[in-house]
Amino acid sequence: MAPLPPLQRDAPSTWQHADRVDAPAPDLRGWWKAFGDTELDRLVDAALADNLGIAQARLRIEAARLLDAHANDASLPQFGFRTYAEPTPDSSASYFQAGFDAKWEFGLFGRAQSRARVCAGDLGIAESEAQAARVSVVAEVVRTYVELRGAERRLELLERIAAQAGRRRDLLATRERLHLAAAREVAHARDDEAAAQAALAEPRAAIVRARRQLAALLARDDEEGVASGAPPVLGVTAAAIDVLPADLLRTRPEIRRAEHEVEKAAGELGIAESDLYPHIGLGGALTYAARVIGHTRLSNADGIVTFGPAIEIPLFDWGARHAAKDARARALQASVLAYRQAVLDGVAEVETAMAALHERTRAAGALRDGAAALGDEAHSTAALQRLGLADGIDTAASDTAALQAQLDLLAAEQERSLAFVALYKALGGAPLPSAQGGTG
């Protein structure tokens, strides 16, 4: 049997950007709960239970387990029944045979162990793909939910901006009638109002798109399963990511799949190597033979029992078996390199996501301060208007500026949340099968 090659661990000992991540460090198996949104928790649970992609992965695991449970059956005694008929040379009669035969191949030279390794590799690949499906579905549900809530909030803010634009247009129209404003100012105000109304189309379309995507992820054909609510917001408390680079070897399904590909390739190489040696076992048969004369007459049937060693020795095949062994050896080397590449890709994706989350957090913090300042200015302008020191146009302008700042902050918070989702998807964050009580 071909030995399983040692897998070089290319993961670094620490993250380069771990100290720059300003986000919660939740349980890897329940990371989305950092948003503190019960509706999101409900949607994730529903998707894990009903998503069709996850259901497909469960069935593939069941299929692989069935085959794995019978991986060594080829090395157990096999029994069969057969019949055989052949005419005589002059076609005046025919011979008919019927009987039972048995064969037991011992699976020597690592043949049985290699078959088991191939089946175990296939099962591991199916389980890794199922976990990858769970990781992807959880991340897609959270991402789509964040986008849905962001679009709903964006629509609310844009409607308020459009209302302010309409208010400003009315005030300027009144000034124009009093000859206190030029016609061009009113025209510009109407143009601003039209642009504000047109901007409402984007979040409305985004809401429909996100609801349809969530429905598809939950294997539903309607959009009624998602209630309205406020956008989920991550906490701002800094915390370190509690997953080390070496942990990716067990948490990231792409790496686990590459590892099982190596195991399967090693098993296939072992089978190819065992084919260079004899197939040894035991065989036996109980055969009855009779001569058929005409269409209906049978001669007396004679039975015979045979039993003894069954040996098949490869002698000469123009190098086909050696070529097969060498090809499997190359495939094993390629799978080892693919494993190393999967580790490097995983580390790079996590490092990139950590850096992105850090930058998004900084941007959101800066915009948060700016939005607060403009909000204070809007309150001050409203107070001045009550004192007669500012007019409605000043108030509309300051309110619009504050709303626009809230829009910018909303976009930054959404980008931060999406970066958080990307990070935990890269880490392979999702519930394990046992957490769902299923077999997948």
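### Description of a nonpolar patch on the surface
Then comes step 1: A cluster of nonpolar residues, Phe-81, Phe-100, Leu-286, Tyr-288 and Val-305, forms a patch on the protein surface that exposes about 540 Å² of accessible area.
Then comes step 2: Take Phe-81: it is sitting in strand β1 (residues 78–87).

### Focus on the packing of helix α1 (residues 38–50) against helix α3 (residues 111–177)
Then comes step 1: Following both chains from N to C, one finds α1 and α3 inclined at 145°, their axes separated by 10 Å at the closest point. Of the two possible hands of crossing, α1 and α3 adopt the one that is right-handed. Here Glu-39, Leu-40, Leu-43, Val-44, Ala-47 and Leu-48 of α1 come into contact with α3, specifically with Arg-134, Val-137, Val-138, Val-141, Val-142, Tyr-145 and Arg-149.
Then comes step 2: Among the residues making up the contact of α1 with α3, the classes are represented as ten nonpolar, no polar and three charged.

### A short note on α1
Then comes step 1: Its 13 residues place the ends of α1 18 Å apart at the C-alpha level, agreeing with the 18 Å of an ideal helix rising 1.5 Å per residue.
Then comes step 2: When we look at burial in α1, the residues that qualify are Glu-39, Leu-40, Asp-41, Leu-43, Val-44, Ala-46, Ala-47 and Leu-48.
Then comes step 3: The distance from a side-chain oxygen at the start of α1 to the backbone nitrogen of Glu-39 is 2.9 Å, and the residue carrying that oxygen is Asp-37.

### Observations regarding the confidence of the model for the chain
Then comes step 1: When pLDDT is averaged across the chain, the result is 82; 83% of the residues are at 70 or more.
Then comes step 2: Of all secondary-structure elements in the chain, the lowest mean pLDDT belongs to helix α10 (residues 433–436), at 50, while helix α5 (residues 201–217) reaches the highest, 92.
Then comes step 3: pLDDT under 50 marks residues 435–440. Its contacts with residues more than four places away, or in other chains, come to 13 contacts.

### Structural notes on the environment of Val-44
Then comes step 1: Note that Val-44 resides in helix α1.
Then comes step 2: In sequence terms Val-44 and Glu-140 are 96 residues apart; their C-alpha atoms lie 9.5 Å from each other.

### What about the nonpolar core?
Then comes step 1: Counting 55 residues, the largest nonpolar core has Trp-31, Leu-40, Val-44, Val-138, Val-141, Val-142 and Leu-423 as the members making the most contacts within it.
Then comes step 2: Looking at this core, the elements with two or more residues in it are α1, α2 (52–69), α3, α5, α8 (320–386) and α9 (392–426).
Then comes step 3: In terms of residue count, α3 provides more of this core than any other element does, 18 residues in total.
Then comes step 4: Setting aside residues up to four positions removed in sequence, Val-141 forms contacts with Leu-40, Leu-43, Val-44, Ala-47, Leu-214 and Leu-217.

### A closer look at the pattern of salt bridges
Then comes step 1: Under the counting rule described, the total for this entry stands at 27 salt bridges.
Then comes step 2: Glu-39 is the salt-bridge partner of Arg-42, the closest N and O atoms lying 2.7 Å from each other. Taken together, the residues span about one helical turn, with Arg-42 and Glu-39 both in helix α1 at a distance of three residues.
Then comes step 3: When its relative accessible area of 35% is taken as the criterion, Arg-42 is described as partly exposed.
Then comes step 4: When its relative accessible area of 16% is taken as the criterion, Glu-39 is described as buried.
Then comes step 5: Across the pair Arg-168 and Asp-192 runs a salt bridge, and its minimum N-O distance is 4.0 Å.

### Some remarks on the packing of α1 against α2
When two helices pack together, their arrangement is given by the angle between their axes and by how far apart the axes lie.
Then comes step 1: At a closest axis distance of 6 Å, the pairing of α1 and α2 adopts a crossing angle of 40°. Between α1 and α2, the crossing angle belongs to the class labelled oblique. Contacts between α1 and α2 involve Ala-47, Leu-48, Ala-49 and Asp-50 from the former and Leu-52, Ile-54 and Arg-58 from the latter.
Then comes step 2: Here the contact of α1 with α2 is built from residues that sort into five nonpolar, no polar and two charged.

### Observations concerning α2
Then comes step 1: The end-to-end C-alpha separation of α2 is 26 Å, in line with the 26 Å expected for 18 residues at 1.5 Å each.
Then comes step 2: When α2 is considered as a whole, its buried residues turn out to be Ile-54, Ala-57, Arg-58, Ile-61 and Ala-64. Projected down its long axis, α2 shows its buried positions confined to an angular sector of 125°, all on one face. Turned more than 90 degrees away from the buried face of α2, the exposed residues are Leu-52, Leu-59, Leu-66 and Leu-67.

Quick notes on the rules
In every chain, residue numbers begin from 1 and rise along the written sequence. The model is predicted, so local features are restricted to residues of pLDDT at least 70 and side-chain atom pairs to those at 80 or more, both for listing and for counting; the totals for chains, interfaces and linings are taken over all residues. In computing side-chain properties, one takes all heavy atoms of the structure into account and sets aside hydrogens as well as water. Residues forming no salt bridge and having over 30% relative accessible area are the ones grouped into patches, like charges within 9 Å of each other and nonpolar side chains (Val, Leu, Ile, Met, Phe, Trp, Tyr) within 5 Å. The method behind every accessible area is Shrake-Rupley, applied with a 1.4 Å probe, and residues are considered shielded solely by the protein chains displayed. Criterion for a salt bridge: a side-chain nitrogen of Lys or Arg within 4 Å of a carboxyl oxygen of Asp or Glu. A run of H or I in DSSP counts as a helix once it spans at least four residues, and a run of E counts as a strand once it spans at least two, with each numbered from the N terminus. Only the stretch in contact is used when fitting a helix axis, every axis being a line fitted to C-alpha atoms; angles between N-to-C directions are given from 0 to 180 degrees. Working rule for handedness: look at the near helix, and if it is turned counterclockwise from the far one by less than a right angle, call the crossing left-handed; if clockwise, right-handed. By definition in these notes, contact holds between two residues if any of their heavy atoms fall within 4.5 Å. Amino acids outside the nonpolar list (Ala, Val, Leu, Ile, Met, Phe, Trp, Tyr, Cys, Pro) and the charged list (Asp, Glu, Lys, Arg) are all regarded as polar, and Gly is one of them. For a helix, the expected span equals 1.5 Å multiplied by the number of residues minus one. Categorising residues by exposure relies on relative accessible area from a 1.4 Å probe, with only protein chains included: less than 20% of the type maximum marks a residue as buried, more than 50% marks it as exposed, and the intermediate range marks it as partly exposed. A 3.5 Å cut-off defines polar contacts: any pair of N or O atoms within that distance qualifies, except that in protein one atom must be a possible hydrogen donor and the other a possible acceptor, and neighbouring residues in sequence count only when both atoms are side-chain atoms. On a scale of 0 to 100, pLDDT captures the predictor's confidence in every residue. Among the buried residues, those of types Ala, Val, Leu, Ile, Met, Phe, Trp, Tyr and Cys that are joined through side-chain atoms within 4.5 Å form a nonpolar core. Throughout this description, any angle smaller than 35 degrees is read as roughly parallel, any larger than 145 degrees as roughly antiparallel, any in the 65 to 115 degree range as roughly perpendicular, and the remainder as oblique. Taken from the helix axis, the directions to the C-beta atoms give the arc we talk about.

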